[in-house]
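Structure at a glance
The lines below spell out each chain.
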Amino acid sequence: MTKSYEEIPLTPISDTPSTINLTGYWRVMRPVVDKSKCKKCTICWKFCPDGVIKLVDGEPVIDLQYCKGCGVCSFECPAKCIIMVKEGDL
Amino acid sequence: MTKSYEEIPLTPISDTPSTINLTGYWRVMRPVVDKSKCKKCTICWKFCPDGVIKLVDGEPVIDLQYCKGCGVCSFECPAKCIIMVKEGDL
Amino acid sequence: MREVMTGNYASAYGAKLARAEVIAAYPITPQTSIVEKLADFVTTGELKAQFIPVESEHSAMAACIAAETAGARTYTATSSHGLTLMHEVLIWASGARLPIVMTNVSRAMAPPWSVWVDHMDSIAQRDTGWLQFFCQSNQEVLDTIIMAYKVCESSGIMLPAMVIMDAFIQSHTSEPVDLPDQELVDSFLPPYSPDLKIEVGKPMGFGSLVKPDQYMEFRYKAMLGMKAARDRVLRVEREFKSIFGREHGGLLERYECDDADVVLVAAGSVAATAKDVVDSMRAKGHRVGLARIRSFRPFPHDEIRALAGKVEGMAVLDRSYTFGAAGAMFTEARASAYSVQKRPVMKNYIAGLGGRDITPRILERIFEDIQVVSRRGAEDEVEWVDVAGLQRRWR
Amino acid sequence: MREVMTGNYASAYGAKLARAEVIAAYPITPQTSIVEKLADFVTTGELKAQFIPVESEHSAMAACIAAETAGARTYTATSSHGLTLMHEVLIWASGARLPIVMTNVSRAMAPPWSVWVDHMDSIAQRDTGWLQFFCQSNQEVLDTIIMAYKVCESSGIMLPAMVIMDAFIQSHTSEPVDLPDQELVDSFLPPYSPDLKIEVGKPMGFGSLVKPDQYMEFRYKAMLGMKAARDRVLRVEREFKSIFGREHGGLLERYECDDADVVLVAAGSVAATAKDVVDSMRAKGHRVGLARIRSFRPFPHDEIRALAGKVEGMAVLDRSYTFGAAGAMFTEARASAYSVQKRPVMKNYIAGLGGRDITPRILERIFEDIQVVSRRGAEDEVEWVDVAGLQRRWR
Amino acid sequence: MVVASEVLAKAAFKMGFEVSSFPFFGVERRGAPVTAYARIDEHPIRNKSSIYEPDYVVVLDSSLLRGIDILEGLKPSGKVLINYPAGKKLPDLPQRYKYFLIDATSIAAAHGIGSQTAPIVNTAIMGAFAKICDKVALEPVLESIREVAPVKEEENVAAAKEAYERTTEATP
Amino acid sequence: MVVASEVLAKAAFKMGFEVSSFPFFGVERRGAPVTAYARIDEHPIRNKSSIYEPDYVVVLDSSLLRGIDILEGLKPSGKVLINYPAGKKLPDLPQRYKYFLIDATSIAAAHGIGSQTAPIVNTAIMGAFAKICDKVALEPVLESIREVAPVKEEENVAAAKEAYERTTEATP
Amino acid sequence: MMGKPTIPEPEFTFPGSTGCPGCGANLVMRYLLKGLGERTILSIPACCWAVMPGYWPSNCLKVPLLYTAFEATGAAMSGLRAALDAKGIKDVTIVGFAGDGGTVDIGLQAMSGAAERRTDGIYVMYDNEAYMNTGIQRSGSTPWGAWTTTTPVGSTHGFKHEAKKDIMAIMQAHRIPYAATVSVAHPEDFIKKVVKAREVKGFRFIHAMSPCPPGWRMNPMHIVEVARLAVDTHAFPLYEIENGKVRITRKGKGTPVSEYLKFQGRFSHLTDAEIASIQKTIDENWQMLLAKETSGT
Amino acid sequence: MMGKPTIPEPEFTFPGSTGCPGCGANLVMRYLLKGLGERTILSIPACCWAVMPGYWPSNCLKVPLLYTAFEATGAAMSGLRAALDAKGIKDVTIVGFAGDGGTVDIGLQAMSGAAERRTDGIYVMYDNEAYMNTGIQRSGSTPWGAWTTTTPVGSTHGFKHEAKKDIMAIMQAHRIPYAATVSVAHPEDFIKKVVKAREVKGFRFIHAMSPCPPGWRMNPMHIVEVARLAVDTHAFPLYEIENGKVRITRKGKGTPVSEYLKFQGRFSHLTDAEIASIQKTIDENWQMLLAKETSGT
Ligand SMILES: Cc1ncc(C[n+]2csc(CCOP(=O)(O)OP(=O)(O)O)c2C)c(N)n1
Ligand SMILES: Cc1ncc(C[n+]2csc(CCOP(=O)(O)OP(=O)(O)O)c2C)c(N)n1
Ligand code: SF4
Ligand code: SF4
Ligand code: SF4
Ligand code: SF4
Ligand code: SF4
Ligand code: SF4
Ligand SMILES: [Mg+2]
Ligand SMILES: [Mg+2]
C-alpha cells in the first residue's frame, strides 16, 4: 500500500521487523521433526540460516510462518529426525 | 601564442619535443666542469636527472640551455671536478 | 531475421553486429544480461572481441577510453550507480574525442535503493558531452547502437554516444526484433580507423595539460563536433533506412503532430505507450500528438522550436526531476521555444520515478490536462503525477 | 576582525567558525590550501574536529555521508575531477537528506588537463539535488558556508549544499575578509541535531530498497525540501545581516537593474568584475545592469522571470558549455522567462573556459553586443567569446 | 515465471502474432514470488505499461491463492490457470471466471526438471496454457521451450506435453 | 612570488587600502617562472581579471629579462623594480620607464633565506618595493613579512630592511 | 547427545529476511551479531545483504544499519567512527559488512584506505565467490574453474581462468592487528574469532565463507556440509593473523577437493585434469600457509 | 677510473621537462625507458609526471603516452593491452606509470583489478612518498614521522602517525609473476630489473624510490645520496619477488637511519626517541624481509 508522502520519513528508514514478510509462502518442502527421535542436541537450531527454529525446553520448534524449507536442518540433524515433505502433502 | 581552433588537433596531442622549454633559465647555480680533473667516469652523465649531460669522447658536456642547476652531478662526481657557481658570477 | 528478444539482448546483438573489438563492463541490475550475452558471444567465438572483466564502472570507462585511443572500437553497458560512477571519465571520453558507444539501462538512483526505471542517471550526464539517444523499442536499441558508431566515428564528430533504454520495461521486455545480416551491417558500418591513434613509433602524448591561452579552442572544437552531429544523425538514419528499411524518427520523432493542438513531449518507453493513447484519443476526435525526444544530446532545438510554433499546448513529461529547477526535458524544451513568436503553453509533468508505472490512463489525463491548460494558462508549471497524498487522482 | 586572506582560507575559516565536527577531504589543485589550513587548525587544536585523510574524493563524500547520518556536522572541499568523482555519492547525499556542506573550487575538466577556472565541474552536478551557491568574493565564501549550514540543517530542508568559488581567481586571490566572532556565529548557528540519526539502541536501517509503489513519494519530499530552501535562503540571509551586518544578494543579486535596458546574467568571480563595468558604462550613460546568479540551485526562477519582464535584453554569460545544448545558465534562464508576456531578447555568451581571462573590456563588448541585439534580434543565440580563429575580436 | 512468459511470447510470435512479454522484477531471489506479463496482438505492441486487466491469469504457485488477490482486474470473460496439487480441493474463488487446474509441480518433478525440493514448473505450465488459450497452440509452445530451456530440453518438452493433456477445468 | 604579492597586499591593507592580490599559477614547480598580481585601491576591489596595464612591474628573476616581454602594458608613468646582480650592467630596456635595481638574491642568501642554491628573494624584494612604491611604507611590509614568513621571521625582516636601504635607481 | 547450545542464544536478526532458502550469508550475519551483540552499527553496501533486510520499511536486523554505495564500505566505517569520536562515544563497534565483489573488487580501495588510516572497526566480507545479487557474475574472489554467467563454459575458452584473489594476504600486507577466516560450518570458531576481533583496537578483517545455493548451483540443504568440506579439503582454511602472526585454527582432514566440488554445479564441467590442477593449487596454498604459520609471518 | 657507461646510452627523454631541479622522478623515467626501449606505450595518471612533459604541445618523452584520470592507471593498461590484442600486436610493452598516491591510494583498486585479471603489462610506481603535484600532502605511502602539509607539526599531534603502506607486500599477495624495488641510486640494478620485468608475461610491478627535493625539504644535489642511504639504512631495501620467491638484491650496510633522515627537512622535527622508533620499525621490517627471503615466500 502506497503511503502518502506526508506519512513517510525524509529518506527510507526501515524500522519494521521483517516478520511482516511471511517467507513461509516460499516453501516447496516442509521440515517435519520427529520428536520421538530428537536428541535435543540444538544442532538444527544452530544451523538454520533463517533462525526460525526456537528451542522450547531444548526441543526444536520450527516457525512455519517463516521457514523457507531449505532443508539444512534436515541434512544436519545427526539423528536424521527432520524429514522434508512436499508442501501440500501430509 | 594562442592558435586558431582550426590549427589544433581535436584533443591535445603533444608531439613537440620539450626542448622548446629552455629550462636553463630556471638555474640559480651553474655547474662548471673542471676538465683537467675529469676522469671520464660517466657518473655525472648517469645521474643527471634531466639528462642534459652529453658524453663527447667520454667527456661530459653540459647543455646549459636546459641544465636546471640541481647540482646532482657536482655532488656525485667522484673527482669533485664539477663545481656549482652562482649564475651571473664568473 | 525477426526474433523475440529482450532489450538487453538487442543491445548485445547491436554491439556484436557492430563488431565491437573491446568490451569492458561491470555488472549491475538490470544491465547484466547484456554483458552476460556478450561474454557468451565471446566465449563461443561468435564475436571476436577482447572482454575485460573490470572491477568497477569507473575502470570500465577508463579501459574503453584507453582501448579506443589505441584505435579499437569499444563498447560498454551500465546503469544508474554504474553510470554515475563513470561521471568523471564520461567527461574524459568526450574531451578526448573518442567515439565510444555505451548502453545505459536507465534506472533510479539511491537512496532509496531502487532497481527500476527513471531517467535521473542519464539526465545527470547531460553535461558530459555525450550524445544521448533514448529508445522506445528493442529494435531501436539495436539499430541505434549500430548507427551511433557510424555517427560518432566520423572525423568531424568524434564524440561518444549513450544509447538509453528503460530498466525492465525495455531491458527485460521481450518483443520481436529484426536481426540484420552481418554483411549488410558491415557494408553500412566500415571498420573504425581514426585519424590519430596511440601507437608505437609515434611518440605523442594524448591529453596534455593546456594553459588558459589555448584550452577554450579545444572546447570550441568539441562544440562544433556536437553541432555537426545533428545533421549526421539524420543523414546516417536516411542511409540506414535505405539499407535496412527502417527509421526511428531522427532527433525528434513526431507522431500525429501535423495538425495537433496539443502535443506530449516525452522520451523512452513511455513514448511508445503514448502512441496508443494518441490513437485512441484521436479516435475520439482530439487533435493530440506526440513528439518523442529521441536525441536528447544533441537536443532537437530547431525541431522543438518549429513544433512550438504550431501548437497551443505542450505537455512535457519528465521521468526524472532536477531539484531546484524542473524536469530537464521541460527546461530544455522551454529554452528552445523561448524565441518563438506565438509560444504554446508548456507544462511539465513529472511521472514514473523509481519505476512507477505510467499507464495509458495517466497519459490520457495528461493530454486532457494540457488541453485545458493550453486554453486557460498553467497555474503551476510543474506538476507531479500520481503522488500519494496529493489531491489530484491520475489513475 | 578584517584580515587579508585567500578564498581558500576564507573557506577553511568558514568551516571552522561553523564548528564542523568531521572533515574528510582529498587534495586537489586548487583546493589544497583549504584542507591544509583545516589540518593545521585541527593539529593546533584551534578546531575540535575529526580529520579523515581519505584515499579518494568518492570516499571523502561517502565518509561525510556516514558521519552526517550519525549526527555530526561535516565539511569537505574539492574541485573538478574530485567533484565529478563524487558524482554518484553526491546524488546519494541528497537522497539521504543530509545537510553536508562542501566547497567546490570550480576548475575545468580534462582532457585537456587544466587546473584553471571554469564551471563545467559544478554545472555537471546540477541534477544531483545539491544546493549550489556561486560566490564572488572571499567574504561571501566564508559567510555562505556558515549560512549554508543554517539553511540546510532545517528539518524542512535537509539537503546538502555546495559553495562554489573560481579556481585561482578566487581560491588564491587575497583580499580583506571580515572574520566574525565565534560567539556571534554560535548564536547564529546552533549545533546540528537532526530529528533522526543512526545510533546504537535504535535498530533502524538508513536508505533501504523501495519498490515502485513508494519511491516517488520520497523524491517528492526532496522536491519540497528544495522548494522550501528558496525562502529559507532569503530568511537566513536576513537574519545573518541583522547579526553580522552583511548580505550577499539572496538567490539573484541585482546590481543596477532597476532601470536597466539590458542586463548581464552571470555567476562567480566574473560578476564582481562586471560591477565595475556596469559602473563605468553607466557613467557613460548606458542603462546596463548585472543580475548575479548566486543560488544556481535552487534556481532563481521567480527573480529571473520578474527581471525578464522589465528589460529588453539579457546577456547570459556561461563559464561552461553543455555540448548539444547551450550554456546551462542560459538554458535555465530562458526556461524561467518562457512564460513572461513581453520577453527580452536573450543571448548566451560562452566565455572564460579553462581559465581564459574575462576582462572588463570583454564584458563591455558583451554589453554593447546585447544592446545591439536586443534591438535587432539575435542572429545566433549562443556566441563563443574570444576564441582564436573566429572573426570577431573581443579584447 | 520469466521463462514462462518468454516461452509464451515466442510461441505466439511463431504463430504470426506480435508479442511483448515482461517481468515485474527487481532483485531476483529464488523462492520469492514474481509476476510477469505478456501481450499478444495482431498489431505491433507499443503499450509498455503493466497489465491491469488481463484476459488470462496463470498462477504458478498455488500458495499465492492465500495471499495476494490474483484475480484483480481480470476481464469478465477471463480464464484462470492454476498450478494446483492434484486431488486437492480448490479454495473459494469467485464463480464468474473459468478455472483450469494442472499439477505442474508434480509433472515437473516427475520429469526431473529443477531439483526435488524446487521443481521448475515454467515449461509444464505453458503446455497447459496452450490448452486453454485461443491464441497459442501446443506445437509452437514446444518449439519455444526447445529454444529457451537452458538444459534438459526434451524433459521440458515432455512435461509441457503431459501438462497439455492433463489440464482440466474446475469449479470452485 | 606568491608570497611577495601577499606580503604586499597585507602591507597595503594595513595602511588602510583595499587590496587584492593573486598569482597566475598552475602546477607549482620550484624554479619555473610564475606571475602574480596585486591591486591596491581606496575602494573595494571587484575586478578579478589579470592586470594588463600595471603601474609597477617587479621582476624577481633577472633571467626573465632575456625571455618574456616583462614591460608589456606597463603604464607610461610606470616603475620597474628588478632583482639584479649588483654591479652587472643592465641590458637594453626602453628609456621611457624608471628602473630600480636591488640584488635581492645576494641579500637573501646573506641572510640565509632559502638554500644556497635557491635563495628565496620574496621578502627582500618587498623591502625594496616599499622604497619605490607611493602606496606602501616599509613598516607595514615588515609587519606583513612577520605574519607570512613560515620560518626565519627575523632574517626575512632584516633582509627586507637591507633591501629597502640598498635599492637604487638605474638607467639602462 | 542432549546439550546446551554451543553458541550464544540471543538472536539479533528477525525471521522474514528475503535471502534465498539456504542462504549462507544469512548464517554469517546470525553468527556475527551473536558475537558482537547490540552495541554495533553496521554499514552495508550494495550486495545480497542490502536486499535481505527487505523492502522498506522491513528490516531483519536488530542493530542499526547504514546502507552505503557499493564501493564505499571502508569510507563509511571511517565516517561513522569519526562521528562517534566527535561525540565522545567509545563503546560501539563499527562494522562494515560487504560481499566479496564489494570487497576485493570495487570496494578494495576504500577498505585499504580505512586500514591505512587505522579506522577502528571490523570489516566483514561474506564470500559467496561471485556477484550474486546481480545474478552470478564473476568477481575477483571467484575461484579458478568456476562457471559464472560472465565466465560461461563455451568453445573458445570457458569458466574462470584467473585465481581467486587472496584477500587475507592482502590484508595481512596492510599490517592490521587482526584478521581471520571463519566458516558457517564452524559457528563456535566463528563466534570466538568475532569476540576476539571485537576486543582489538584498529582495523580488523574477517573473511567469512558463505555458500550460496543458486550461485553455486547446489541444493540449499548442503550449505553447511559444503562449507565443512571447504575447510576439510583446505579449499578454505580456517586461520587467524594476530599482529602479523599466522595461526591455523583448524587443520582439516585434507579431504580431496573433488569431494567439495562435486556438490556444486558451478564446477560440474571440470575435467579430471582440471580438478587435479585445482587440487595442486590448493595443496600449494596449504603448504604456503603452513610455512607462514611456522615462520610466524 | 675512466670507463664506459654502465647503463645503456640511448635516451628516451628530451631535456626541457618541467620537473623541479633535482627531481628523482625524472631519473626514474630515464632509467625505466633505457631498460624498456622504444616499443613501449606509457599511461600516466595525474601526478607530477603528468605535468613534466610540459604544456601542450611540449612532450619530453620519445615513446607514446596516454594521459589518464588519476585513479585509472590499471584500467588504462588493460584497455591498451586489449586494443593491441584485438589488433594482433604482440611485441609492445604496456606500462602504467604513476605516483605513490595514484598507486597506493586512489589508484589501488584499478591496479589490483588489472593484476587480478592478469593484464600483460608493467606497473611502475615512482614513490616520492606524498602527493607532490598538489603540494606535498600525505599519501598512504608517506612514512611514519614525516611532515607534510596535511600532517603538519602542531600542538595536539603532528606529523604522520600511520605507517607507510607496504605496497610490495600487497602486490606479492596478488601473486603476480614479478615485482621489484628499484632506486635511482642504483641505476644498473634498476635497469637490470626493468629488462627482466620486460621479458615476463603477466602483470608486473616496479616500486621505484624517487626523492623529491621540495617535498622532502632537501637540497636537490643530494637526491642520489639520499636514495643511496635509503638502501643502505634498509629504509628502502632493494629486492625482487619472482613467482612468489623473495630475493634481496642488495643487502645494504645497515647504516643508522638517522643518516638518511638528516638530509631531509621533512623529518627535522623528530626527537631522538622518535628516530629510535623509526629505527626499530626499519629493523623489524628488514628482519621480516630476510625471513621472507629465507622461507622463499
Ligand atoms: C557502482 C555500482 N556498480 C554496480 C552495482 C550493482 N551491484 C549491486 S550488488 C552487486 C553484486 C555484489 O556482489 P558481492 O559484493 O559479491 O555481494 P553478493 O551480491 O554476492 O552478496 C552489484 C554488481 C552497484 N550497486 N553499484
Ligand atoms: C580524482 C582526482 N583527485 C585529485 C586529483 C588531484 N591530484 C592530481 S596529482 C595529485 C597528486 C599525485 O600524487 P602522486 O600520485 O603521489 O604523484 P606525485 O604528484 O607525488 O608525483 C593529486 C592529488 C586529481 N587529478 N583527480
Ligand atoms: S528448512 Fe531451513 S529455514 Fe526451515 S527450519 Fe530448516 S533450516 Fe530453517
Ligand atoms: S538436530 Fe535433530 S536431534 Fe538435534 S535438536 Fe535438532 S531435531 Fe533434535
Ligand atoms: S646541475 Fe643538475 S641538471 Fe645540470 S647538469 Fe648537473 S645534474 Fe644535470
Ligand atoms: S662524474 Fe666527474 S669525473 Fe666522472 S665524468 Fe663526470 S665530471 Fe668527469
Ligand atoms: S543469491 Fe546467494 S548470497 Fe544472495 S541471498 Fe541468495 S543464497 Fe544468499
Ligand atoms: S615536486 Fe618532487 S616529484 Fe614533483 S617534479 Fe618536483 S621534485 Fe619531481
Ligand atoms: Mg558475492
Ligand atoms: Mg607522490
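Bear in mind that the values here come from a model prediction, so they are computed numbers and not experimental data.

1. Observations regarding the site of ligand 5
Inspection of the region around ligand 5 gives Pro-31, Cys-48, Pro-49, Val-52, Ile-53, Ile-62, Cys-67, Lys-68, Gly-69, Cys-70, Gly-71 and Cys-73 of chain B as its neighbouring residues. In terms of residue class, the shell around ligand 5 is built from 9 nonpolar, 2 polar and 1 charged.

2. Comments concerning the site of ligand 4
Near ligand 4 there are 13 residues, and of these Cys-38, Lys-39, Cys-41, Cys-44 and Cys-77 of chain A occur at the shortest range. For the shell around ligand 4, the class distribution of residues is 10 nonpolar, 1 polar and 2 charged.

3. With respect to the interface of chain D and chain C
Chain D puts 81 residues into the contact, and the matching count from chain C is 81 residues. The largest per-residue losses of area from chain D upon contact with chain C belong to Met-216, Phe-323 and Tyr-338 of chain D, which jointly make up 13% of the total buried on that side. Put simply, chain D and chain C have 6 salt bridges between them. Salt-bridge contacts for Arg-356 of chain C lead to Glu-217 of chain D; the nearest nitrogen and oxygen are separated by 2.6 Å. At the boundary of chain D and chain C, one finds 42 residue pairs in polar contact (both at pLDDT 80 or more). The set of elements that each furnish at least two residues to the side of chain D that touches chain C consists of helix H4 (80-85), helix H5 (87-95), helix H6 (120-123), helix H9 (215-244), helix H11 (301-308), helix H12 (328-337) and strand S15 (345-350) of chain D. For the side of chain D that touches chain C, the leading source of residues is H9 of chain D, giving 10 residues.

4. Comments concerning the coordination of the magnesium ion (ligand 9)
All names here are of chain G. The protein atoms that coordinate the magnesium ion (ligand 9) are Asp-100 (OD), Asn-128 (OD1) and Ala-130 (O), at distances of 1.9 to 2.0 Å. Donor residues binding the magnesium ion (ligand 9) come from one chain and are separated in sequence as D-x27-N-x1-A. Judged by its relative accessible area of 5%, Asn-128 falls in the buried class.

5. What about unusual backbone geometry?
Geometrically, the link from Pro-111 of chain D to Pro-112 of chain D is a cis peptide bond, its omega value of -5° lying close to zero. If you check the backbone angles, Arg-217 of chain H has positive phi at about 50° while not being a glycine. Along the chain, Arg-217 of chain H falls in the loop between helix H8 (213-216) and helix H9 (223-232).

6. Some points on the packing of H11 of chain D against H12 of chain D
Residue and element names in this part refer to chain D. Interhelical geometry of H11 versus H12 gives an angle of 70° and a closest axis separation of 8 Å. With respect to H12, the axis of H11 lies roughly perpendicular. For the pair H11 and H12, contact is made by His-301, Ile-304, Arg-305 and Ala-308 and by Ala-333, Ser-336 and Ala-337, respectively. In terms of residue class, the contact of H11 with H12 is made up of 4 nonpolar, 2 polar and 1 charged.

7. Notes on the coordination of the magnesium ion (ligand 10)
Residues and elements named next belong to chain H. Around the magnesium ion (ligand 10), the protein contributes the donor atoms Asp-100 (OD), Asn-128 (OD1) and Ala-130 (O), at 1.9 to 2.0 Å from the metal centre. One chain supplies every donor to the magnesium ion (ligand 10), and in sequence these donors are spaced D-x27-N-x1-A. The class of Ala-130 is buried, set by a relative accessible area of 4%.

8. Considerations on the pattern of salt bridges
Taken as a whole and judged by the stated rule, the model has 134 salt bridges over all chains. A salt bridge links Lys-284 of chain C to Glu-364 of chain C; the nearest nitrogen and oxygen atoms lie 3.3 Å apart. Linking Lys-284 of chain C in the loop between helix H10 (269-283) and strand S12 (288-293) with Glu-364 of chain C in helix H13 (residues 360-376), this pair joins segments that are 80 residues apart in sequence. With a closest N to O distance of 2.8 Å, Arg-117 of chain G and Glu-55 of chain D form a salt bridge. You can see Arg-117 of chain G sitting in the loop between helix H5 (108-116) and strand S5 (121-127) and its partner Glu-55 of chain D sitting in the loop between strand S3 (50-53) and helix H3 (57-69), one on each of two chains. Like Arg-117 of chain G, the residue Glu-55 of chain D is buried in the burial classification. Connected through shared salt-bridge partners, Glu-140, Glu-237, Glu-253, Lys-275, Arg-292 and Arg-294 of chain C make up one network.

Reading guide: rules and limits
- Residues numbered from 1 in each chain as written.
- Chains lettered and ligands numbered in written order.
- Predicted model: local features only at pLDDT ≥ 70, side-chain atom pairs only at ≥ 80, totals over all residues.
- Heavy atoms only, no water.
- Near = heavy atom within 4 Å.
- Nonpolar A, V, L, I, M, F, W, Y, C, P; charged D, E, K, R; others polar.
- Contact = heavy atoms within 4.5 Å.
- Buried area = accessible area lost by both parts, 1.4 Å probe.
- Salt bridge = Lys/Arg side-chain N within 4 Å of Asp/Glu carboxyl O.
- Polar contact = N/O pair within 3.5 Å; in protein donor to acceptor, adjacent residues only side chain to side chain.
- Helix = DSSP H or I, 4+ residues; strand = E, 2+ residues; numbered from the N terminus.
- Donors = N, O, S within 2.8 Å, 3.2 Å for Na, K, Ca; no water.
- Buried < 20%, exposed > 50% of the residue type's maximum accessible area, 1.4 Å probe, protein only.
- Axes fitted to C-alpha atoms, helices over the stretch in contact; angles between N-to-C directions.
- Parallel < 35°, antiparallel > 145°, perpendicular 65-115°, else oblique.

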